[in-house]
Amino acid sequence: MSADTRRQKAERIRHLLDTEGDAVHENTQVFNEGRYESTANLDDYDELKNEARAIKEDAIERLPELVDQVTEAVEANGGSVYVADDAADANRYIEEVVDGRDVVKSKSMTSEEIEVNESLEARGGDVWETDLAEFVLQVADEAPSHIVAPAIHKSREEIATLFNEVFDPEEPLETAEELTRFAREYLGEKILDAEVGMTGANFVTADTGTLALVTSEGNARKCVQATDTHVAVAGVEKLVPSVEDLQPFVELIGRSGTGQDITSYVSLFTPPSDSPTFGGNELESGDDREFHLVLIDNGRMEMREDDQLRETLYCIRCSACANSCANFQHVGGHAFGGETYSGGIATGWEAGVHGEDSAAEFNDLCTGCSRCVNQCPVNIDIPWINTVVRDRINRGKDGDLDFLVEGLTPDEEPGGVDLQKRLFGNFDTLAKLGSAFAPLSNWAARTGPARSLLERTLGVDSRRELPEFERESLVEWFEKRGPRVGRDEARRQVALYPDAYTNYVRTERGKAAVRVLEALDIRVDVPPAGESGRAPLSQGMVSTAQSNANAVYDAIAPAIAAGHDVVVIEPSDLAMFHREYERLLPEDDYAALQEHSYELMEYVYGLLENGADIDVLPGGDDERIAYHSHCQQRTLDLEPYTVAVLEDCGFDVTTSDVECCGMAGSFGYKSEYYELSVDVGETLVDQFTTEDTADRTVVASGTSCLEQLDALLTRRPAHPVRLLDTQ
């Protein structure tokens, strides 16, 4: 990426933060908090997610069979089914059906994908969006910024101004009630006049040809019942085997999307026979009505054959991944989206239906924080899809000087990888060099010419303070010092994993971890295990991440074989061991490491619960603590252990509830994303500068969180283990 491209991207993000950021943040927060509250009321939430996942897996596996089955069912009901290869094929068929008549539509992202409005309008017909938010955008001539709430970026005041300017009502519109009433009356006339109603479908059951539509306004039902011809547009992945299979999705989709226990309208149509039309003031039979189900392929069957993108087809487009994403919460879908789709899962959709160039426009906005993982109602590993697509994008570009790069860099990647990504993906090598030449390397990196050069050539933002490397690494310190607990008196033996940051930059937390574990009668070793692969994986350098993973396992395997525990200080590295290594290591190696590895404070909690003497640790004496848990730590549900240990030691702890600090490894260093990173971080700062928290000692578990808080607060934060260390 050139310096100009980075500058343009930064300007675009800055503009959206200024113009749309507040509305997007406020509204996504409402959805996100609503989802937490609503799903917490479900006793069988995880079971429902597993059930929904199993149904989608089965449906995608049997997709050709289900297409044949639904065709037979719809035709038996008196309707037609057309399977369109791509957008042009779908639009040609729909144009023939509509034949220049006016169309009223309910909300449908698939129809956005094929741009059916533009196609029909080019043939002379009028097309009206009847979903209120879609209507607002149609009037404003804007694209959706959210897959469920497409006008989430607009405030009531902005919509009032828009309506008053365009429609010039007798009395200016102001309140939400006035705006809604105006739109309902305006669109009601369009619905009565139209001959064709077009809907999408959240689900289509193959056994009966039934369409399930989940809406908030009831406009889909009006579009179906008030018109003579119904055209339903749906991706082929919307097929599920039977009506009975709808139950878990109906339970999950509203809760996951907008935080509602159930949406206002759940409509089941089995057209055309059971849907009477309006004629004058009396209902007429629907026997003469037409129904056309247009199933869209447009790349989906290729996605089905792609082991990495296949999971995307399980998506029910609830938007939970967008609402739980810190970056999306601040900048919205006009930045975090492609030609049609937005949010975390959008990378998979855009790569599959529009191509990798569309995905490349926003793919880097996924930092892999994993907060969407537990929120997805069908358990899609969204960060992994983003990583794989990023890897493919990296490999898709050949440079003239690739021959100079290949073989001379310490990674496993081919030429063509962006130099900025290659720099951050090789952090382990950079840190080794920085440590070997410290303090000279730290001084040189801070000089003005060096910072300017780093920003121009590699996009490292000069406003972000660089890490300062220690001359003596944690591993070197421990090799000189040695263990202080004998094997015979040790409660257990531990291999403390020296992640790259702890080993070369924040050695103090590693030393504190050694001392705290030894105080609890643990014999500690610190093996030279190398970087976990998190750094290259975050840049989409999957081969390098896999190489690092194998090297780490080789270094730790002797300890595991000896029955020792593996303790990890950095949560993002533990997340590698527990999640991503499943895809990077042989099955048995992954299982062994996953079973024997623990986050540091989780391990301390376990020791205390199993008889270790808490009195050997310093007492908190009610010291007031503000604690921020790392995003990966929260996804692994490990936050409670840190809080419990600190409280048991006598600290008064309050916690943040933001999804992510915004730093996210290298993300906050990149010049194109620096301002977004700070904007996200300010939400955390707001929580730690209230009347209750402003004087509290700040602790955080993650390296990135510490870097971000250190930059944005006047208080210097520390890892929680430092509170338990007597030195």
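That block above? That's the structure.
Definitions and limits used
- Throughout, residues of each chain are indexed from 1 in the direction in which the sequence is written.
- Where local features are concerned, this predicted model is filtered to residues with pLDDT of at least 70; where side-chain atom pairs are given and counted, the filter is 80 or more; whole-chain, interface and lining totals use all residues.
- Only heavy atoms go into the side-chain values, all of them from the structure, while hydrogens and water stay out.
- Strands are runs of DSSP state E lasting at least two residues, helices are runs of H or I lasting at least four, and both sets are numbered from the N terminus onward.
- Here the radius of gyration uses the C-alpha set of atoms, whereas the globule reference equals 2.2 Å times the residue count to the power 0.38.
- Burial status follows relative accessibility: with a 1.4 Å probe on protein chains alone, a residue under 20% of its type maximum counts as buried, one over 50% as exposed, and anything between as partly exposed.
- Calculation of accessible area relied on Shrake-Rupley with a 1.4 Å probe; when residues are assessed, cover is drawn exclusively from the protein chains displayed.
- Asp and Glu count as negative and Lys and Arg as positive, but His and the ends of the chain are not part of the count.
- A single reference atom marks each charge: NZ on Lys, CZ on Arg, CG on Asp, CD on Glu.
- Strands are labelled as partners when DSSP assigns at least two bridges between them.
- Patch membership requires over 30% relative accessible area and the absence of a salt bridge. Like charges are linked within 9 Å, and nonpolar side chains (Val, Leu, Ile, Met, Phe, Trp, Tyr) within 5 Å.
- A side-chain nitrogen of Lys or Arg and a carboxyl oxygen of Asp or Glu constitute a salt bridge if their distance falls within 4 Å.
- Axis definition: a line fitted to C-alpha atoms, over the contacting stretch in the case of helices. Angles run 0 to 180 degrees between N-to-C directions.
- Any pair of residues with heavy atoms lying within 4.5 Å of one another is described as a contacting pair.
- With a 1 Å grid spanning the protein atoms alone, the term cavity applies to any set of points in which a 1.4 Å probe fits but cannot get out, the term pocket to an open set with protein on both sides within 12 Å along at least five of seven lines, and the term lining residue to any residue with an atom within 4 Å of a point.
- Grid points are joined across faces, edges and corners, and a volume is the space filled by probe spheres set on the points.
- Charged means Asp, Glu, Lys or Arg here, nonpolar means Ala, Val, Leu, Ile, Met, Phe, Trp, Tyr, Cys or Pro, and polar covers whatever is left, Gly included.
- Here, expected helix span is obtained from the residue count minus one, scaled by 1.5 Å.
- In this description, the term disulfide denotes a pair of cysteine sulfurs within 2.5 Å.
- Should an angle lie under 35 degrees it is considered roughly parallel, over 145 roughly antiparallel, and from 65 to 115 roughly perpendicular; all remaining angles are considered oblique.
- Two aromatic rings from Phe, Tyr or Trp, using only the six-membered ring of Trp, form a pair when their centres are within 6.5 Å; if the ring planes differ by under 30 degrees the pair is stacked, by over 60 it is edge-to-face, and anything between is tilted.
- The criterion is that NZ of a Lys, or CZ of an Arg, lies within 6 Å of the ring centre and within 35 degrees of the ring normal, and then a charge sits over that ring.
- We call a set of buried Ala, Val, Leu, Ile, Met, Phe, Trp, Tyr and Cys residues a nonpolar core when their side-chain atoms join them within 4.5 Å.

> What is the right way to look at the overall build of the protein in this model?
Counting its regular elements, the protein contains 35 helices and 19 strands. For the protein, the C-alpha radius of gyration of 28 Å lies close to 27 Å, the compact-globule estimate for 727 residues. Across its three principal directions, the C-alpha atoms of the protein cover 90 × 60 × 50 Å. Each of the 727 residues in the protein was classed as buried or not, and the buried ones make up 60%. Looking at the protein as shown, the accessible area adds up to about 29,300 Å², and 45% of this sits on carbon and sulfur atoms. Measuring between centres, the 64 positive side-chain charges of the protein sit 6 Å from its 140 negative side-chain charges.

> What am I meant to see in unusual backbone geometry here?
It is generally the case that most residues other than glycine have a negative phi and that most peptide bonds are trans. Cis geometry marks the peptide bond from Pro271 to Pro272; its omega dihedral reads 0 degrees. Position of Pro272 among the secondary structure elements: in the loop between β9 (265-269) and β10 (277-279). Ala438 connects to Pro439 through a cis peptide bond whose omega is 5 degrees. By the element assignment, Pro439 lies in the loop between α21 (427-436) and α22 (440-446). Positive phi is not limited to glycine here, since Asp168 has a value of about 45 degrees. Within the secondary structure, Asp168 sits in the loop between α9 (156-167) and α10 (176-193).

> I keep staring at the pairing of strand β13 (residues 492-497) and nothing clicks. Help me out?
Looking along a regular strand, one sees the side chains alternate between the two faces of the sheet. As paired elements, β13 and strand β14 (residues 522-525) share 4 bridges and run parallel to each other. Bridge pairing in β14 links Gln493 to Arg523. Note that β13 and strand β15 (residues 565-568) share 4 bridges and pair parallel. Opposite Ala495, over in β15, you have Val566 as the bridge partner.

> Help me understand a negative patch on the surface in this model?
Together, Asp102, Glu115, Glu118, Glu121, Asp126, Glu185, Glu189, Asp193 and Glu339 make up a negatively charged patch on the protein surface. Residue assignment for the negative patch shows that the elements contributing at least two residues are α7 (116-122) and α10. If one sorts the elements of the negative patch by residue count, α10 sits on top with 3 residues. Relative to the helices and strands, Glu121 is located in helix α7.

> Explanation requested: the sheet that holds strand β17 (residues 624-628) in the structure shown.
Within a beta sheet, neighbouring strands are joined by backbone hydrogen bonds and run either parallel or antiparallel to one another. Spatially, 3 strands are ordered β18-β17-β19 in an open sheet, and the strand pairing comes out parallel. With one partner strand each, in any of the chains shown, β18 (652-655) and β19 (697-700) form the two edges of the open sheet. Pairwise comparison of adjacent strand axes, ignoring direction, gives a mean angle of 30 degrees for this sheet. Sheet strands touched by helix α33 (residues 639-648): β17 and β18. Its angle to β18, the strand with the most contacts, is close to 155 degrees.

> When you look at the sheet that holds strand β2 (residues 103-105) in this model, what are you seeing that I'm missing?
Taking strand neighbours across the sheet as the criterion, the 6 strands line up as β1-β12-β7-β4-β2-β3 in an open arrangement whose pairing is parallel. What marks the edges here is a single partner per strand, and that holds for β1 (80-84) and β3 (127-129). The average undirected angle you get between the axes of adjacent strands in this sheet is 20 degrees. Here 5 bridges tie β1 to strand β12 (residues 290-296), and the two strands are oriented parallel to one another.

> Before we go on, may I ask you to explain empty space enclosed by the protein in this structure?
Which parts of space are left empty comes out when a probe the size of a water molecule is rolled across the atoms. Summed over the entire model, instances satisfying the criterion amount to 4 cavities of 30 Å³ or more. Lining the largest cavity are 18 residues, and of these Cys325, Cys366, Thr367, Gly368 and Cys369 lie nearest its centre. Per-class residue counts for the lining of the largest cavity are 11 nonpolar, 6 polar and 1 charged.

> Looking at this model, I keep getting lost on helix α18 (residues 382-395). Mind explaining?
The α-helix advances 3.6 residues per turn, and as a result positions three or four apart in sequence lie on the same side. Helix length check: α18, at 14 residues, gives a terminal C-alpha distance of 20 Å against a target of 20 Å (1.5 Å per residue), a fit within 8%. Taken across its 14 residues, α18 has 12 buried, putting it largely inside the fold. Where α18 is concerned, the buried positions are Ile382, Pro383, Trp384, Ile385, Asn386, Thr387, Val388, Val389, Arg390, Asp391, Ile393 and Asn394.

> Help me understand the state of the cysteines in this model?
Linking two cysteines covalently via their sulfur atoms produces the bond known as a disulfide. In the structure shown here, the tally under the stated rule is 0 disulfides. Here Cys660 stays free of any disulfide, with the sulfur of Cys631 as its closest cysteine sulfur at 4.2 Å.

> How should the pattern of salt bridges be read in this particular structure?
Side-chain pairs of opposite charge can arise whenever the charged atoms involved come near each other. Under the criterion given, the structure shown has 54 salt bridges. The partner of Arg390 in a salt bridge is Asp364, and the shortest N-O contact between them spans 3.2 Å. Linking Arg390 in helix α18 with Asp364 in the loop between α17 (356-360) and α18, this pair joins segments that are 26 residues apart in sequence. Per residue, the accessibility class of Arg390 equals that of Asp364, and both read buried. Note that Arg696 is salt-bridged to Asp692, the shortest N-O span being 3.5 Å. Looking at Asp692, the relative accessible area reads 37%, which means it is partly exposed. Linked by salt bridges that have partners in common, Arg53, Glu57, Glu311, Asp381, Arg534, Arg579, Glu580 and Arg583 make up one network.

> So what exactly am I meant to see when it comes to the packing of helix α29 (residues 571-584) against helix α30 (residues 587-596) here?
For any two helices packed against each other, the geometry is given by the interaxial angle and the distance between the axes. One way to put it is that α29 packs onto α30 with a least axis distance of 9 Å and a crossing angle of 175 degrees. Taken as axis vectors, α29 and α30 run roughly antiparallel relative to one another. Contact residues: α29 offers Phe577, His578, Arg579, Tyr581 and Glu582, while α30 offers Tyr590, Leu593 and Gln594.

> I tried to follow helix α16 (residues 346-353) on my own but got confused; where do I start?
A large share of α16 lies buried, amounting to 8 of its 8 residues. The set of residues buried in α16 consists of Ala346, Thr347, Gly348, Trp349, Glu350, Ala351, Gly352 and Val353. If you follow the buried residues of α16, they end up packed against α6 (109-114), α13 (300-305), α17 and α18. Looking one or two places after α16, you find Gly355, whose phi comes out positive at around 110 degrees.

> What should I look at first to understand the packing of aromatic side chains in this one?
Counted under the stated rule, the structure contains 23 aromatic pairs. Aromatic side chains Phe182 and Tyr186 sit 5.9 Å apart centroid to centroid with 25 degrees between the ring planes, which places their arrangement in the stacked category. With Phe182 and Tyr186 both in helix α10 and 4 residues apart, the pair spans about one turn of that helix. Centroid distance Trp477 to Phe478: 6.4 Å. Interplanar angle 55 degrees. Geometry classified as tilted. Residue Trp477 is classed as buried on the basis of its relative accessible area, which comes to 14%. By way of ring pairs, the aromatic residues Trp128, Phe135, Phe163, Phe167, Phe182 and Tyr186 are connected into one cluster. Across the ring face of Tyr36, the terminal group of Arg35 is positioned such that the distance to the ring centre comes to 4.6 Å. Note that Arg317 overlies the ring of Trp349, its terminal NZ or CZ placed 4.6 Å from the centroid.

> Looking at this model, I keep getting lost on the environment of Asp710. Mind explaining?
Here Asp710 lies in helix α35 (residues 703-712). The class for Asp710 is partly exposed, based on a relative accessible area of 26%. Note: C-alpha distance between Asp710 and Gly619 (91 residues apart in sequence) is 25 Å. The contact partners of Asp710, leaving out residues within four places of it in the chain, are Arg506, Arg716 and Pro717.

> Is there a simple way to think about the nonpolar core in this case?
A general feature of soluble globular proteins is that nonpolar side chains tend to end up buried together. Core analysis: the biggest nonpolar cluster contains 82 residues, and Leu211, Leu293, Leu365 and Ile380 have the highest contact counts within it. Per element, the largest residue contribution to this core is 6 residues, and it comes from helix α3 (residues 45-61). Sequence-distant contacts of Leu293, that is, excluding residues within four places in its chain, are made with Val70, Val74, Ser80, Val81, Tyr82, Val204, Leu211 and Ala232.

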